[in-house]
Amino acid sequence: MAPGPMTSAEAMAAMGSDLGGMGLTTALKRAGTPDEVAEVIAFVAGDRAGYVTGAVVAADAGRTAI
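Residues numbered from 1 in each chain as written. Predicted model: local features only at pLDDT ≥ 70, side-chain atom pairs only at ≥ 80, totals over all residues. Heavy atoms only, no water.

(A) Representation of the overall build of the protein. When you go through the protein residue by residue, the secondary structure sums to two helices and zero strands. The buried share among the 66 residues of the protein stands at 11%. Partitioning the contacts of the protein with sequence separation of at least 6, the portion at a separation of at least 24 is 47%. About 5200 Å² of surface is accessible on the protein, with carbon and sulfur atoms providing 63% of the total. (Helix = DSSP H or I, 4+ residues; strand = E, 2+ residues; numbered from the N terminus. Buried < 20%, exposed > 50% of the residue type's maximum accessible area, 1.4 Å probe, protein only. Contact = heavy atoms within 4.5 Å. Areas by Shrake-Rupley, 256 points an atom, 1.4 Å probe, with all protein chains shown as cover.)

As structure tokens, then:
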């Protein structure tokens, strides 16, 4: 039987907290968690973003800003 999908915590532990150094290239100096990215997706898909149109929302810890 194949193993089930990894939890967020298991995936982060397997990749390391900086995702092999990628987190070091962000303004926050760390990689984001799946839950942090999910919060952005939930906002953009939800009613609270009803007035947001044609915007690019980068959930990248400031990586594209530096």
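(B) Just unusual backbone geometry, in detail. If you check the backbone angles, A61 has positive phi at about 55° while not being a glycine. Counting through the fold element by element, A61 comes out in the segment after α2 (34-45). You can call A61 partly exposed: its relative accessible area is 24%.

(C) Molecular detail of a nonpolar patch on the surface. Nonpolar side chains collect at one region of the surface, where F43, V44, V52 and V57 lie side by side and expose about 320 Å² of accessible area between them. In this structure, V52 sits in the segment after α2. (Patch = residues over 30% accessible without salt bridge, like charges linked within 9 Å, V, L, I, M, F, W, Y side chains within 5 Å. Salt bridge = Lys/Arg side-chain N within 4 Å of Asp/Glu carboxyl O.)

(D) The arrangement of the environment of A55 in detail. Secondary-structure assignment places A55 in the segment after α2. Distance from A55 to V44, taken between C-alpha atoms, is 9.8 Å for residues 11 residues apart in sequence.

By themselves these figures say nothing about function.
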